[in-house]
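Now for the letters of each chain:
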Amino acid sequence: MNHLQQGWFTESVTWPGAGLSLQVEEVLHKEKSPYQDIMLLQTKSFGKALILDNIIQCTEFDEFSYQEMISFLPLCSHPNPERVLVVGGGDGGVARETVKHPKVLSVDVVEIDERVVKLSEQYLPFMACGFKHDKVTLHIEDGFEFMKNNAQRFDIIITDSSDPVGPNESLFQKTYIESLKRSLKPGGIICSQVGSIWIKEDQDTMIRLSKDCSANFKKVTLATISIPSYPTGNISFILATDNELVNFKIPAYSFTPEEMNKHKLKHYSPDVHSASFSIPRFARMIIPHINC
């Protein structure tokens, strides 16, 4: 299928029977890296957009929603999140946000596709600026291999991946959850994006991953947020920990209004943190392994 037609880009890969279309003013860049097809688009209403394997990864208009929430939901649930690992995150957005937490000392970002990093630096500098922070170390390598050499090192591991296709398919497998567990310090927290609660295929992923997480962690939960450039306007995160004292719905660290203004937070707040774990009843009913 040609996803670029008559000045519009349509994502229908992950949304069977429907599609999300963005009007395109200019194709800024297009290439095939060793791992995936990459496009950078200038859109009419959403600004610059990063597209991987014909799936929208982020847009200038609303990327802050995803980046802030996938970062601060786990960070602000942990009592002392000093060391953070980001698997994926080649656009730099999660790195940009994680360093804002006052207790974070270091952030390792492991991205397999260097071309995503280089093109984000060129076309998405408002996100790739995250790589320039002195707390951040960027590694161009496979996340699995990196974790093999870093057992029990991290307080927080954030999986900022695309959908479970191409180079990211392995990040949605049971063996990956087991690798996360080995790389966490005792009491650490994982957070992974798992798609939309409104899409059957994503529901299947949530069911499978929640089962794998419950086999490895004592507490497993789901958070869901709104973001207009993703299919159905929704994306969800699975979070898990062995620390039974963690209450995901009540932040262990709450940003003050002054801190939120200082860090220019646009979506995340302590209230939004708590609300994101109040998922619709139908979703809780079909994902049986969510236990908190």
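Since this is a predicted model, take the numbers as computed values, not measurements.

What counts and what doesn't
- Residues numbered from 1 in each chain as written.
- Predicted model: local features only at pLDDT ≥ 70, side-chain atom pairs only at ≥ 80, totals over all residues.
- Heavy atoms only, no water.
- Core = buried A, V, L, I, M, F, W, Y, C linked by side-chain atoms within 4.5 Å.
- Buried < 20%, exposed > 50% of the residue type's maximum accessible area, 1.4 Å probe, protein only.
- Helix = DSSP H or I, 4+ residues; strand = E, 2+ residues; numbered from the N terminus.
- Contact = heavy atoms within 4.5 Å.
- Polar contact = N/O pair within 3.5 Å; in protein donor to acceptor, adjacent residues only side chain to side chain.
- 1 Å grid on protein atoms, 1.4 Å probe; cavity = no way out; pocket = protein on both sides within 12 Å on 5 of 7 lines; lining within 4 Å.
- Points joined across faces, edges and corners; volume = space filled by probe spheres on them.
- Nonpolar A, V, L, I, M, F, W, Y, C, P; charged D, E, K, R; others polar.
- Phe/Tyr/Trp six-rings, centres within 6.5 Å; stacked < 30°, edge-to-face > 60°.
- Lys NZ or Arg CZ within 6 Å of the ring centre and 35° of its normal.
- UniProt positions renumbered as here; feature names shortened; annotations may be inferred.
- Arc of directions from axis to C-beta.

A closer look at the nonpolar core
- In this structure, L73, V84, V107, F237, L239, F255 and Y268 are the most contacted members of the largest nonpolar core, which totals 38 residues.
- Of all the elements, helix α1 (residues 63-75) adds the most residues to this core, at six residues.
- Excluding its chain neighbours within four sequence positions, the residues that come into contact with V84 are L75, T98, V104, S106, V107, D108, F154, I156 and I158.
- Counting residues in hydrophobic clusters, the runner-up holds 27 residues, among them F144, L184, L222 and A283.

Remarks on helix α3 (residues 114-123)
- Where α3 is concerned, the buried positions are V116, V117, L119, S120 and Y123.
- If you follow the buried residues of α3, they end up packed against β3 (20-32), β4 (37-43), β5 (47-52), β8 (106-111), α4 (125-128) and β9 (136-140).
- For α3, the side-chain oxygen to backbone nitrogen distance between the N-cap and R115 is 3.1 Å, and the N-cap itself is D113.

A short note on the layout of surface pockets
- Roughly 160 Å³ of volume is contained in the second largest pocket.
- What lines the second largest pocket is simply E60, E63, F64, E68, R96, E97, K100, F126, K264 and K266.
- Elements that contribute at least two residues to the lining of the second largest pocket include exactly α1 and α2 (93-98).
- For the lining of the second largest pocket, the residue count by class is two nonpolar, no polar and eight charged.

Re the packing of aromatic side chains
- In this structure the tally under the stated criterion is 11 aromatic pairs.
- Between F46 and F61, the ring centres sit 5.0 Å apart and the planes meet at 75 degrees, which makes this aromatic pair edge-to-face. With a gap of 15 residues between them, F46 in the loop between β4 and β5 and F61 in the loop between β6 (55-59) and α1 connect regions that are remote in the sequence.
- According to the relative accessible area criterion, F46 is buried, its value standing at 17%.
- Taking 5.5 Å as the distance between ring centres and 85 degrees as the angle between the ring planes, the aromatic pair formed by Y253 and F255 counts as edge-to-face. Just as Y253 is buried, F255 falls in that class too.
- The structure contains a cluster of three or more aromatic residues connected by ring pairs, namely F72, Y253, F255 and Y268.
- The ring of F217 has K181 sitting right over it, with the charged end atom 5.2 Å from the ring centre.

Focus on the UniProt feature "active site" (unreviewed entry) in the protein chain
- UniProt marks D160 with the feature "active site" (unreviewed entry), using the numbering shown here.
- Mapped onto the secondary structure, D160 falls in strand β10 (residues 154-160).

Some points on helix α6 (residues 174-183)
- Regarding α6, the residues found buried are Y176, I177, S179, L180 and S183. Around the axis of α6, the buried residues are gathered within 160 degrees of arc, so they sit on the same side.
- For α6, the secondary structure elements touched by its buried residues are β7 (83-88), α5 (143-148), β10, β11 (184-195) and α7 (200-214).

Considering the side chain of S229
- Among the secondary structure elements, S229 is positioned in the loop between β12 (219-226) and β13 (234-241).
- A residue is classified by how much of its surface remains accessible, and S229, at 0% relative accessible area, is buried.
- Contact partners of S229, with chain neighbours within four places excluded, come to L20, F46, I56, T59 and D62.

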